Amino acid sequence: MTADDTRTAADDTRATGGDDGPVLRLESVRKTFGRDRVVLRDVSLDVAPHTVTALIGASGSGKSTLLRCANLLEEIDDGAIFLDGEEITDPRADPDAVRRRIGVVFQSYNLFPHMTVLQNITLAPRRVLGVSREEAEARARELLGRLGLGDKAGEYPDRLSGGQQQRAAIVRALAVRPRLLLLDEITAALDPELVGEVLSVVRDLKADGMTMVLATHEMGFAREVADQVCFLDNGVVLERGTPQEVFGNPRQERTRRFLRRIVEAGRL
Ligand SMILES: Nc1ncnc2c1ncn2[C@@H]1O[C@H](COP(=O)(O)OP(=O)(O)OP(=O)(O)O)[C@@H](O)[C@H]1O
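Residues numbered from 1 in each chain as written. Predicted model: local features only at pLDDT ≥ 70, side-chain atom pairs only at ≥ 80, totals over all residues.

Under the annotation held in an unreviewed UniProt entry, the chain carries the name ABC transporter and is attributed to Streptomyces scopuliridis RB72. Under the UniProt heading Sequence similarities (unreviewed entry), the entry covering the chain gives this text: "Belongs to the ABC transporter superfamily." As stated in UniProt under Subcellular location (unreviewed entry), the record for the chain gives "Cell membrane". (UniProt positions renumbered as here; feature names shortened; annotations may be inferred.)

Written as structure tokens, this is what we have:
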């Protein structure tokens, strides 16, 4: 990443009203599926500008659901979610306008197989933001170059490795210059030797000042890259703090047990 990227992040901050408040705020969010399956209970969380928040916790603890609620892919039952101080869960908020400000990358890359990498990346800027083809392609090529995919613009996704596809998916999310990036288990589907190249992109984005929330089972990475770690247990944020606090000195017995299992499995 270059100094130019840092300038962009700072410019984006100015454009959205400054560095004062959190980029994302969850206030007492409750989410249920069906009648009685409570998946998030009273979840409150602040994500400060230019920081990385890692959501950790056992499978089924609610990490993906939290990210999906933040992007309005799921409707919450109670509480409120704010983006740059504006309540996005207000029924009057426009979900499309909100999603234009939040980039999302999932475990499965979800690239359109019938489109080239370049077409995949320029689709949203052209269709949603109304950017010209020339401008969208210039931005896409610049990002592809930066993420080590400069020679892949004309390829179809099935000609790329998993790591390359995931990096292309990250470029696609960045192409609309999002205020916030949500990353949901983005290395979970990758062969171990490809995980590193995707994590190194996240590291670069952090250095660039991008605000990110990531759900991950990569504990070593969470410890290294996160400013804030949230341990979810059965839909509750059981523990929240710096990586040093949560990994080094967990307050809850449940967190200690979870981390012990991770250490025993050789994943931390
Ligand atoms: N659409 C849905 N309908 C019903 N239950 C759901 C739905 N989506 C998720 N759940 C349930 O909500 C709970 C939380 O799921 P979620 O995917 O958020 O967990 P997670 O912490 O991200 O898990 P993983 O680490 O395995 O990705 C799980 O019990 C899951 O079965």
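Read on for the rest.
Once that is clear, we can look at the sheet that holds strand E6 (residues 102-105). Overall, mixed pairing links the 6 strands, which are arranged E6-E7-E8-E3-E9-E10 in an open sheet. A strand with exactly one partner marks an edge of an open sheet, and here the two such strands are E6 and strand E10 (236-241). Ignoring strand direction, the axes of neighbouring strands in this sheet form an average angle of 15 degrees. Here 4 bridges tie strand E3 (residues 52-56) to strand E8 (residues 211-215), and the two strands are oriented parallel to one another. Across the sheet, residue Val 52 finds its bridge partner in E8, namely Met 212. (Pairing = 2+ DSSP bridges. Helix = DSSP H or I, 4+ residues; strand = E, 2+ residues; numbered from the N terminus. Axes fitted to C-alpha atoms, helices over the stretch in contact; angles between N-to-C directions.)

So, about helix H10 (residues 253-264). For H10, spanning 12 residues, the distance from its first C-alpha to its last is 16 Å, which sits close to the expected 16 Å at 1.5 Å a residue. In the stretch just after H10, Gly 266 is the one whose phi turns positive, near 75 degrees. (Expected span 1.5 Å × (residues − 1).)

The next point concerns the pairing of strand E1 (residues 24-33). It is a general feature of regular strands that their side chains alternate between the two faces of the sheet. In the sheet, E1 pairs with strand E2 (residues 37-47) via 7 bridges, with the strands oriented antiparallel. Residue pairing across strands places Phe 33 opposite Arg 37, the latter belonging to E2. Between E1 and E2, which pair antiparallel in sequence order, lie 3 residues; one of them, Gly 34, sits at a positive phi of approximately 65 degrees. Pairing analysis gives 5 bridges linking E1 to strand E4 (residues 78-83), with the strands arranged antiparallel. In the sheet register, Leu 26 faces E4, and the bridge partner there is Ile 81.

On to the sheet that holds E1, then. Read across the sheet, 4 strands follow the order E2-E1-E4-E5 without closing on themselves; strand pairing throughout is antiparallel. In this open sheet, the two strands that pair with only one neighbour each are E2 and strand E5 (86-87). Judged from the 2 bridges that link them, E4 and E5 form a sheet pairing that is antiparallel. Paired with Leu 83 across the two strands is Glu 86, which belongs to E5. Taken strand by strand, helix H2 (residues 63-70) contacts E1, E2 and E4, and its axis lies near 65 degrees from that of E2. (Contact = placed C-beta atoms within 7 Å.)

On to the UniProt feature "domain: ABC transporter" (unreviewed entry) in the chain, then. The sites that UniProt annotates as "domain: ABC transporter" (unreviewed entry) are residues 24-259. Summarising residues 24-259: 37% helix, 25% strand, and an end-to-end C-alpha distance of 27 Å.

Phe 33, Ser 59, Lys 63, Ser 64 and Thr 65 are the nearest of the 13 residues found near the ligand. Of all the secondary structure elements, the ones that give two or more residues to the shell around the ligand are E2 and H2. The element that contributes the greatest number of residues to the shell around the ligand is H2, accounting for 3 residues. For the shell around the ligand, a count of residues per class yields 3 nonpolar, 7 polar and 3 charged. (Near = placed C-beta within 6 Å. Nonpolar A, V, L, I, M, F, W, Y, C, P; charged D, E, K, R; others polar.)

Close contact between helix H4 (residues 117-127) and helix H6 (residues 162-174) brings their axes to 8 Å; oriented N to C, the two are set at 25 degrees. Considering the angle they form, H4 stands roughly parallel to H6. Where H4 crosses over H6, the two elements pack in a sense that is right-handed. Judged by residue contacts, Val 117, Asn 120 and Ile 121 of H4 engage Ala 168, Val 171 and Arg 172 from H6. Looking at the contact of H4 with H6 residue by residue, the classes come out as 4 nonpolar, 1 polar and 1 charged. (Parallel < 35°, antiparallel > 145°, perpendicular 65-115°, else oblique. Left-handed = near helix turned anticlockwise from the far one by under 90°.)

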